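Chains, contacts and geometry: an overview
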Amino acid sequence: MTDAIYSNNLITFLLYFVAVAATIGLFFGLSVLVGPKKSNPTKDAAFETGWVSKTDASRPYPIKYYLVAILFVVFDIEVAFLYPWAVSFRDLGGIGLISMTLFLAVLAVGLYYAVKKRVLEWK
Amino acid sequence: MSIVEIIIRLIIAFGAVFTFVALNALFLVWLERKVSALIQQRLGPTEVGPAGLLQTLADAVKLMGKELITPTAVSRTVFFLAPIIAFLPAPLLVAAIPIAKGVGVSDLNVGALYILAISNIALLGILMAGWSSNNKYSLLGAMRAVAQNISYEIPMLLSLLAIILMAGSMKFSDIVKAQETVPFVLLQPVAFIIYFICSIAESNRTPFDIPEAESELVAGYHTEFTGMRFALFFLAEYTQVFVLSAIVTLLFLGGWNGPLLPPAVWFFLKTYLVIFVVMWLRWTYPRLRSDQLMNFNWKMLLPAAILNLLISSVIYRGGFPG
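Now for a look at the structure at hand. Source: prediction; values computed, not measured.

With that settled, consider the overall build of chain A. Summing up its helical and strand segments, chain A has 3 helices and 0 strands in all. Listed by position from the N terminus, the elements making up chain A come as α-α-α. Every one of the 123 residues in chain A was classed for burial, and the buried ones make up 11%.

Laid out in structure tokens, this is it:
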């Protein structure tokens, strides 16, 4: 039984990739067939509103959102805990409600701390 | 079921899904142009086909005739893969949406979670596109898209939890069944508003379109993509609009429940009504600034979503019917 389900999924997975590859192959194939193929240095340069690009874009770049990404990881994992809880909420009873309230309260305090620490302010 | 039968069923399902993705995108692009024309007191496309309905088809043919330019400075493999990765989740999402009871490609028992998980693959495509283009506009657009998407993800997930709590299941048909008497939009209005705002933000549409703000970033992450590569991003975006509206319909507006008309008709009526509202918002509101956007999410939506979840779980424990 398990084997049958597994092989079904594998077939689905493979067929999906064949389908996507065929669609994209059709798109790109037709495009290459019909479209022009002329290149020149100006066309192949990075677009920069008509100016000649002087610097490379891949150089150190300040990511102000770094702390936001860290916050996201914390909250996303929290939500991963909450989903099974929500599905079995009826069976868990009062204990489930109280424990999750405490869990959410801790996270709310964490969010309050992050806001007070000015994590979410950009200059 | 024999293996041949399974494969035939799968081929039919994929054919249906891919056809739907293409037709839906063609129709929605036309609708978007007509809605914007209506709001700006113009006519919109009129020439090709009845009421300009075939205009998008003509545009698609034109896009096909354009050269696939690969600028010299890009990192080629990632640049090639980016539009494909962005398009990859679109048919997978459509396949998981049931149209009526027992109608549709699949009705997974973790449907809601599956949709949220798969729809984020497109973000990877956007990040790849922005990084590989080696263009400052693309990089900025991709960075903004990532920050915005991961931020709005959390209130979205939390507001969805309130629905799952009430339905006791993540399966779409169960969630719709729980709304047979009263749709969840009336029982969970706060969750509905939060979810709707967040899903518009997730699809990078105005008023949350800073990743592709054309007046400052040219076209954001897809600046360097031409012809069919650009079309793939476009296809993915419009499929995402359909998916978000279909999910809002299923979770909050009672899905295919409705009197007189057949269920599938109700489902599509509600979905395209939501799509119309999404377009209406796009052509009515100006774009938000990056910090306003982040502050709105972390200081308004997230606390509201947490409170909503707590309050609804307490009310639900206190003998709420369901």
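So much for the structure itself; the text now carries on.
All right, on to the environment of B:I164 then. Here B:I164 lies in helix α7 (residues 136-167). For B:I164, a count of 22 C-beta atoms within 10 Å puts it in the buried group. When neighbours within four sequence positions are excluded, B:I164 is seen to be in contact with A:A86, A:V87, B:A112 and B:M170.

Turning our eyes to something else, we now look at the environment of B:L10. Residue and element names in this part refer to chain B. Position of L10 among the secondary structure elements: in helix α1 (residues 3-39). Residue L10 is classed as partly exposed on the basis of its C-beta count, with 18 C-beta atoms lying within 10 Å. Along the primary structure L10 and S313 are separated by 303 residues, whereas in three dimensions their C-alpha atoms are 40 Å apart.

On the chain A side, the residues contacting the 49 residues of chain B number 51 residues. Going through the elements one at a time, α1, α7, α12 (227-252) and α14 (290-317) of chain B are the ones with two or more residues in the side of chain B that touches chain A. Top element by residues in the side of chain B that touches chain A is α7(B). It accounts for 12 residues. Of the residues in the side of chain B that touches chain A, the class split is 31 nonpolar, 11 polar and 7 charged.

Rules behind the numbers
- Residues numbered from 1 in each chain as written.
- Chains lettered and ligands numbered in written order.
- Predicted model: local features only at pLDDT ≥ 70, side-chain atom pairs only at ≥ 80, totals over all residues.
- Helix = DSSP H or I, 4+ residues; strand = E, 2+ residues; numbered from the N terminus.
- Buried ≥ 20, exposed ≤ 12 C-beta atoms within 10 Å, placed from the backbone.
- Contact = placed C-beta atoms within 7 Å.
- Nonpolar A, V, L, I, M, F, W, Y, C, P; charged D, E, K, R; others polar.

It is worth stressing that arrangement in space is one thing and function is another; only the former is reported here.
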